[in-house]
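A closer look at the structure
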Amino acid sequence: MPLSQKEKQLLQDQKSHEKVCIQKYQKNAQQTSDPKLKQLFQSYAQQEQQHLNTIESILNGQAPAMNQAAPSQPTQQSQPNQQNNTQAQSTMTPSATSQADAMLCQDMLMTEKYVSNAYNTAIFEFTDSNVRQALNHIQKEEQEHGEGIFNYMNNQGMYNVQ
C-alpha cells in the first residue's frame, strides 16, 4: 500500500501523539489515588498502544485490520441519573487528593480533544478508504476516552455542566 509523503507525515504525527497518550495515561494511572480512575487510565493506555500498533502497521505498508469491538468504557455505569448527580455535586467538597485527580483528568481530557481533532484532519487527507476507516475507528475510540473521562469527572463533581 503506497503512501504519499503527506500521508506518511500525518501518520508520523499520529504515532507521536499516541506515544504521548500512552506515557501520560501510564504516568497518571500511577499518580491517581482513586482505584476506578487508575483502572480507567490503564485501560486507555492499552487502547492507545493498540492505536500505535495500527499506525505503525500502516506506516509499514500493511493494510489496517481494525477490531470493531465493544465501546471502551461501560456507558451505563458512567451515566448516573441527573438527580443523584446534582445532589452529589452540591454536597461534595473536593479534597486535595480529588483536586489532584481532577487535574490529571483535565489534562487527559484536553489531550484527547487535541488528538481526536488531529485524527479528524488526517482522515480527510488519505486516499485509501481502508486507512480512512482505520483512522476513523481510532478517532471514535479517542472520543470515547474523552467521554469516559468527562463522565468520571462529572460523577465525582469535578466537572459541573451548567
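To be clear, the structure that these remarks concern was listed above.
All values derive from a computational prediction rather than experimental measurement.

Considering the environment of Asn117
Residue placement: Asn117 occurs in helix H4 (residues 96-123). For the pair Asn117 and Gln143, spaced 26 residues apart in sequence, the C-alpha to C-alpha distance is 9.5 Å.

Some remarks on the packing of helix H2 (residues 35-59) against helix H5 (residues 129-155)
In the contact formed by H2 and H5, the axes pass within 11 Å of each other and the chain directions differ by 165 degrees. Between H2 and H5, the crossing angle belongs to the class labelled roughly antiparallel. Read as a crossing pair, H2 and H5 show a hand that is left-handed. Facing H2, whose interface residues are Leu37, Leu40, Tyr44, Gln47, Glu48, His51, Thr54, Ile55 and Ile58, H5 presents Val131, Ala134, Leu135, Ile138, Glu141, Glu142, Glu144, His145, Gly148, Ile149 and Tyr152. A breakdown of the residues in the contact of H2 with H5 according to their chemical character gives 11 nonpolar, 5 polar and 4 charged.

Considerations on the nonpolar core
Ranked by internal contacts, the top residues of the largest apolar core, which has 31 residues, are Tyr25, Phe41, Phe126, Leu135 and Ile149. Within the residue set of this core, elements represented by two or more residues are helix H1 (5-31), H2, H4 and H5. The biggest single contributor to this core is H4, with 9 residues. The residues contacting Leu135, other than those within four sequence positions of it, are Leu11, Ile55, Tyr119, Ala122, Ile123 and Phe126.

Each value, and the rule that gives it
Residues numbered from 1 in each chain as written. Predicted model: local features only at pLDDT ≥ 70, side-chain atom pairs only at ≥ 80, totals over all residues. Heavy atoms only, no water. Helix = DSSP H or I, 4+ residues; strand = E, 2+ residues; numbered from the N terminus. Axes fitted to C-alpha atoms, helices over the stretch in contact; angles between N-to-C directions. Parallel < 35°, antiparallel > 145°, perpendicular 65-115°, else oblique. Left-handed = near helix turned anticlockwise from the far one by under 90°. Contact = heavy atoms within 4.5 Å. Nonpolar A, V, L, I, M, F, W, Y, C, P; charged D, E, K, R; others polar. Core = buried A, V, L, I, M, F, W, Y, C linked by side-chain atoms within 4.5 Å. Buried < 20%, exposed > 50% of the residue type's maximum accessible area, 1.4 Å probe, protein only.

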